[in-house]
Amino acid sequence: MSASAANTRVNLEHSSVLLIDDNAKSLDMLSSIFQGFGVKRQIKCESAVEATEILKTQAVDLILVDCSMPEMDGYEFTRWLRRETPAPARHTPVIMLTGHAAQSSIQKSRDCGASFVVAKPLTPAVLLRRILWLGNDEREFVECETYVGPDRRVRNFGPPLGEPGRRAGDLSTHVGEPAEANMDQSDIDMLMKPMRVSL
């Protein structure tokens, strides 16, 4: 993130976030990060099973779930969300958190319907870039017998905002300063709006 982007104050006070991690310290750290983003409505769960019960009665704008948990891991939870919940809940963006950024873990996350995968330990700047990218994500939502979730073919969309693209066709490739450097609060609100109104 550029210096000017880092100095931009981000406030997501109108967003609601569900945080799922069986590690209490990790859960508190995530909560602190989102508090810094201005998120007032946070739902914290130490198990994915608990989170499934919450989602049966409450809507959220964004879900962060750890991949490795006992009883029901993040992969199972995401498959449940995508296949067993009605729309619009099943369309909720999901960021999966993993301590092992192996290609196999990323592919497994993608194939169960995750919107994005972020490796631990994470920083507020990295997480913010992913959230902004998701807020502007125009991928179609696919529902078929073998897969439910955001279109896995993301090559043309390139990396998150503010990170250089590797291919000339990347839609996120910018000449000069990254798009984030020129964002103000209204731009950020606009990017987050699709996440809020989809529920």
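For the structure, see preceding data.
All values derive from a computational prediction rather than experimental measurement.

Novice: Please set out the pattern of salt bridges residue by residue, giving values where relevant.
Specialist: Under the defined criterion, the tally for this structure stands at 8 salt bridges. Of the charged contacts in the structure, one is a salt bridge between Lys 56 and Glu 53, with a shortest N-O distance of 3.0 Å. Looking at Lys 56, the relative accessible area reads 55%, which means it is exposed. Of the residues examined, Glu 53 reaches a relative accessible area of 47% and is grouped as partly exposed. One salt-bridge network, held together by shared partners, links Asp 21, Asp 66 and Lys 120.

Novice: Please provide a residue-by-residue account of the pairing of strand β3 (residues 62–66), values included.
Specialist: Most of β3 sits out of view: 5 of its 5 residues are buried. Along β3, one buried face is formed by Leu 62, Leu 64 and Asp 66 and the opposite face, lined by Ile 63 and Val 65, is buried too. Bridge count for strand β1 (residues 16–20) against β3 is 4 bridges, and the pairing is parallel. Looking across to β3, one finds that Leu 19 is bridged to Leu 64. Of the strand pairs in this sheet, β3 and strand β4 (residues 94–98) are connected by 4 bridges, and their pairing is parallel.

Novice: Kindly report on the side chain of Ser 105, identifying the contributing residues and their values.
Specialist: The residue Ser 105 is located in helix α5 (residues 103–112) in this model. Note on Ser 105: relative accessible area 14%, which makes it buried. Setting aside residues up to four positions removed in sequence, Ser 105 forms contacts with Tyr 75, Thr 98 and His 100.

How each quantity is defined
Residues numbered from 1 in each chain as written. Predicted model: local features only at pLDDT ≥ 70, side-chain atom pairs only at ≥ 80, totals over all residues. Heavy atoms only, no water. Salt bridge = Lys/Arg side-chain N within 4 Å of Asp/Glu carboxyl O. Buried < 20%, exposed > 50% of the residue type's maximum accessible area, 1.4 Å probe, protein only. Helix = DSSP H or I, 4+ residues; strand = E, 2+ residues; numbered from the N terminus. Pairing = 2+ DSSP bridges. Contact = heavy atoms within 4.5 Å.

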